[in-house]
Amino acid sequence: LVAAKTTGGNLSFGLYGIEPPSTKQIQVIAGTRRYNRSGGFTVTTLKRVVEADGTVQNESLGSDSYRPLGGSAPARRRGPVRRRRSASLTRPRPVAAPPVAASSPA
């Protein structure tokens, strides 16, 4: 028989059967969010096994990348956006001289 319950964001499973219970504790730990270039984030998940004698073993279960939906993730502040000037704006342009008015004898 398998029983599952959730309490305060934790998911617990109970296995009931003929086998004697294990004396070790197994924890699944989600690491901290590392933000990536695309605006999403990556999380590495670990499995921690604590034996009855107190020894601890950590095993990586993998890394997953997520792209936040909507505004659910905090925005990363980046530096000011610099506009690229096109080549035509950086070169001096020739300016035509104003037309000369015809002069009349005075």
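Up top you'll find the structure we're talking about.
Residues numbered from 1 in each chain as written. Predicted model: local features only at pLDDT ≥ 70, side-chain atom pairs only at ≥ 80, totals over all residues. Heavy atoms only, no water.

A. Representation of the overall build of the chain in the model. Helix and strand counts for the chain come out as one helix and six strands. Overall, the chain shows an N-to-C arrangement of helices and strands of β-β-β-β-β-β-α. Out of the 106 residues in the chain, the part that is buried amounts to 8%. If you take every contact in the chain between residues at least 6 apart in sequence, the share linking residues at least 24 apart comes to 24%. Put simply, the chain shows about 10,200 Å² of open surface, and 54% of that area lies on carbon and sulfur atoms. (Helix = DSSP H or I, 4+ residues; strand = E, 2+ residues; numbered from the N terminus. Buried < 20%, exposed > 50% of the residue type's maximum accessible area, 1.4 Å probe, protein only. Contact = heavy atoms within 4.5 Å. Areas by Shrake-Rupley, 256 points an atom, 1.4 Å probe, with all protein chains shown as cover.)

B. Local environment of the side chain of Thr-44. Following the sequence through the fold, Thr-44 ends up in strand 5 (residues 41-50). Of the polar contacts made by the side chain of Thr-44, one reaches the side chain of Arg-34; its length is 3.3 Å. A distance of 2.8 Å separates the side chain of Thr-44 from the side chain of Ser-63, its partner in a polar contact. Aside from chain neighbours lying at most four places away, what touches Thr-44 is Ile-29, Ala-30, Gly-31, Arg-34, Ser-60, Gly-62 and Ser-63. (Polar contact = N/O pair within 3.5 Å; in protein donor to acceptor, adjacent residues only side chain to side chain.)

C. Seen up close, the pattern of salt bridges. One pass over the structure, following the stated rule, counts one salt bridge. Here Glu-59 makes a salt bridge to Lys-47, at a shortest N to O gap of 3.6 Å. Placement of the pair is Glu-59 in strand 6 (residues 56-66) and Lys-47 in strand 5, with a sequence separation of twelve residues. The exposure class assigned to Lys-47 is partly exposed, which follows from its relative accessible area of 25%. (Salt bridge = Lys/Arg side-chain N within 4 Å of Asp/Glu carboxyl O.)

D. Representation of a nonpolar patch on the surface. Among the surface-exposed residues, Val-2, Leu-11, Phe-13 and Leu-15 lie close enough to one another that they form a single nonpolar patch of about 490 Å² accessible area. Considering each element in turn, the nonpolar patch owes the most residues, three residues, to strand 2 (residues 10-15). Considering the arrangement of structural elements, one finds Leu-15 in strand 2. Using a relative accessible area of 70% as the deciding quantity, one classes Leu-15 as exposed. (Patch = residues over 30% accessible without salt bridge, like charges linked within 9 Å, V, L, I, M, F, W, Y side chains within 5 Å.)

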